[in-house]
Amino acid sequence: MRVLISGASVAGPALAYWLTRYGFEVTVVERAPALRKTGGHAVDLFRPALDIAERMGVLDRIQEMKTGTERLTMYTEGHERPVVVELRRMMAGVSDRHAEIMRDDLSEIFFDATRDDAEYVFGDSITAISGDGEVTFERGQARRFDLVVGADGLHSNVRRLVFGPESDFSTWIGAYLAVVSVPNFLGLDATVEGLSGVGRMAALYGAARLPDARALFMFRPAEPIDYHYRDVERQKDLLREHFADFGWHVPRLLAELDTTPAFYFDSITQLRLDSWSRGRVTLVGDAGYCPGPAVGGSTSLAVVGAYVLAGELAAAGGDPARAFPAYEAEIGEYVRRSRSFAVSAARKLVPGSPGGLWALRAAAGLIGLMPAGVTRAVSKLGARGVRLHDEIALKDYTAHEVRTAARP
Ligand SMILES: Cc1cc2nc3c(=O)[nH]c(=O)nc-3n(C[C@H](O)[C@H](O)[C@H](O)COP(=O)(O)OP(=O)(O)OC[C@H]3O[C@@H](n4cnc5c(N)ncnc54)[C@H](O)[C@@H]3O)c2cc1C
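Residues numbered from 1 in each chain as written. Predicted model: local features only at pLDDT ≥ 70, side-chain atom pairs only at ≥ 80, totals over all residues. Heavy atoms only, no water.

Asker: Looking at this structure, how should I read the confidence of the model for the protein?
Answerer: Any region with low pLDDT has predicted coordinates that should not be read closely. Residues of the protein with pLDDT of at least 70 account for 93%, and the chain-wide mean is 90. Between residues 373–383, whose pLDDT stays under 50, and residues either more than four places distant or in other chains, the model counts 15 contacts. (pLDDT = per-residue confidence, 0-100. Contact = heavy atoms within 4.5 Å.)

Structural data, given as structure tokens:
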């Protein structure tokens, strides 16, 4: 059975891995000319995603490549002294198994685990998918597939072709974010440092493994901003505008915008589709159910989604009429909980009022003071939904495997 996957980032290669392990014939088409190594940003893998990585035989590589970020030093406007948070302590409250890794590194690890078993086509994109499975491409010859999966991110091409324009499904949850690759001029290692204010925050993080540092900007305007997601110059101007009078090292970071080799900007947008499958086409990861970049644990959700989709397809003998509803039912609750977590996380991370900023500082200070065990207990009792990842039970699809994990 032939499956075409659009997108070779995290969800795409993870899905390719599991499908080939169940005996499907897989082609992955990626618009970028090669595996994207574009600076990237740090993402979190929580318990279920790490359990899946372990079953894939790639856990050791993930552990080797993890960023090891340990400390957050956060200044808040109006206070001279920063709050210092031990991140390991904080993450212990969220999940009892966690690794932070650069998105590009994770993508490469998943790609390496599948490159011998799946066909990868770079520098191309799907232009049409017909009801009988004929797929046409911008460059390559038309080909026929039994199933097509969009793993092509928040601005998914497959979703647009099959379900309609993004604006029909996206809800802005109140903020924008940018990531800029800059020289590590503060010499940061395993540390994040930054400044929070009302409606905006800027931070810089570095890790021994990274040749440079990454600046992260988040801001909350009163209204959504009108811009095109590929108009980089306008996006840089928006950052300059919103952070013009912000303190700390922000003027230096803004100066780097002219020469940065890697710039990422997006709205913190949530996708809300009631169903993300139609006929022989389905979606996985951010393409189908992005809870909001940087606030909703979407990487773990993408890895779990890929694992479940492949497993349900194997269990249904490749029949999409049975497999797709089973896939959606299996991860539906995880998707809904990630969405509500992301809405509240976006509000708390970039507070829109002085009271919200005070609460953020107080919460960060508390984490710094409490022993890890207490942080974990409090998060279990208090903030609802914080441990949503660890509460996911992974189904076992081992019976459908036709090959086992290749050990690295
Ligand atoms: C700044 C930032 C910080 C983040 N921080 C976190 C975090 O801390 N924790 C966390 O869990 N998640 C975080 N995320 C989200 C995380 O990066 C994504 O949720 C995760 O990578 C999901 O991967 P994906 O494969 O579904 O989509 P993506 O990573 O978006 O990949 C989509 C792929 O599809 C390709 N593509 C696009 N269009 C086409 C086309 N027409 N044809 C073929 N290919 C196409 C793209 O080139 C890309 O390779 C963050 C995201 C951002 C932007």
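Asker: Can you help me understand the sheet that holds strand β12 (residues 170–182) in this one?
Answerer: By way of backbone hydrogen bonds, the strands of a sheet pair with one another, either parallel or antiparallel. Read across the open sheet, the seven strands follow the order β5-β4-β13-β14-β15-β12-β16; overall the sheet is mixed. Of all the strands in the sheet, the pair left with one neighbour each is β5 (83–86) and β16 (263–271). Mean inter-strand twist for the sheet, computed between neighbouring axes without regard to direction, equals 20 degrees. When strand β4 (residues 71–76) meets β5, the two strands line up antiparallel, connected through four bridges. The residue bridging Arg 71 from the neighbouring strand is Glu 86, located in β5. Each of β12, β14 (200–206), β15 (213–219) and β16 touches helix α7 (residues 232–242); the most contacted strand, β16, lies at about 85 degrees to it. Sheet contacts for helix α11 (residues 320–349): β12, β14, β15 and β16; angle to β16, the most-contacted strand, approximately 130 degrees. (Pairing = 2+ DSSP bridges. Helix = DSSP H or I, 4+ residues; strand = E, 2+ residues; numbered from the N terminus. Axes fitted to C-alpha atoms, helices over the stretch in contact; angles between N-to-C directions.)

Asker: What's the story with the sheet that holds strand β17 (residues 277–278) in this structure? I'm lost.
Answerer: Read from one edge of the open sheet, six strands run β7-β2-β1-β11-β18-β17, paired in mixed fashion. Of all the strands in the sheet, just β7 (119–122) and β17 have a single pairing partner and so form its edges. Helix α1 (residues 11–21) rests against β1 (2–6), β2 (25–30), β7 and β11 (147–150) of the sheet, and its axis sits at about 165 degrees to β1.

Asker: Would you mind showing me how to read the packing of aromatic side chains here?
Answerer: Between two aromatic rings, the relevant description is the distance of the centres plus the angle of the planes. Scanning all chains against the criterion turns up 19 aromatic pairs. Here the aromatic rings of Tyr 17 and Trp 18 are separated by 5.1 Å at their centres, their planes lie at 80 degrees, and the arrangement is edge-to-face. Judged by relative accessible area, Tyr 17 falls into the buried class, the value being 1%. Linked through ring pairs, Trp 172, Tyr 176, Phe 217, Phe 219, Tyr 227, Phe 243, Phe 246, Phe 263 and Phe 265 together constitute an aromatic cluster. When the ring centre of Phe 145 is taken as origin, the NZ or CZ atom of Arg 2, which lies over that ring, is 5.5 Å away. (Phe/Tyr/Trp six-rings, centres within 6.5 Å; stacked < 30°, edge-to-face > 60°. Buried < 20%, exposed > 50% of the residue type's maximum accessible area, 1.4 Å probe, protein only. Lys NZ or Arg CZ within 6 Å of the ring centre and 35° of its normal.)

Asker: Explain the site of the ligand to me, please; I cannot follow it from the model alone.
Answerer: In the region of the ligand, 31 residues are neighbours, and Ser 9, Ala 11, Glu 30, Arg 36 and Ser 298 sit closest. A distance of 2.6 Å is found between an oxygen atom of the ligand and a side-chain nitrogen or oxygen belonging to Ser 9. Between Ser 298 and the ligand, the recorded distance is 2.7 Å, taken from a side-chain N or O atom to an oxygen atom. Compared with its free state, where it exposes 990 Å², the ligand has 91% of that area covered by protein. Elements represented by at least two residues in the shell around the ligand include exactly β2, β3 (42–46), β12 and α10 (298–315). Sorting elements by how many residues they give to the shell around the ligand places β3 first, with three residues. (Near = heavy atom within 4 Å. Polar contact = N/O pair within 3.5 Å; in protein donor to acceptor, adjacent residues only side chain to side chain. Areas by Shrake-Rupley, 256 points an atom, 1.4 Å probe, with all protein chains shown as cover.)

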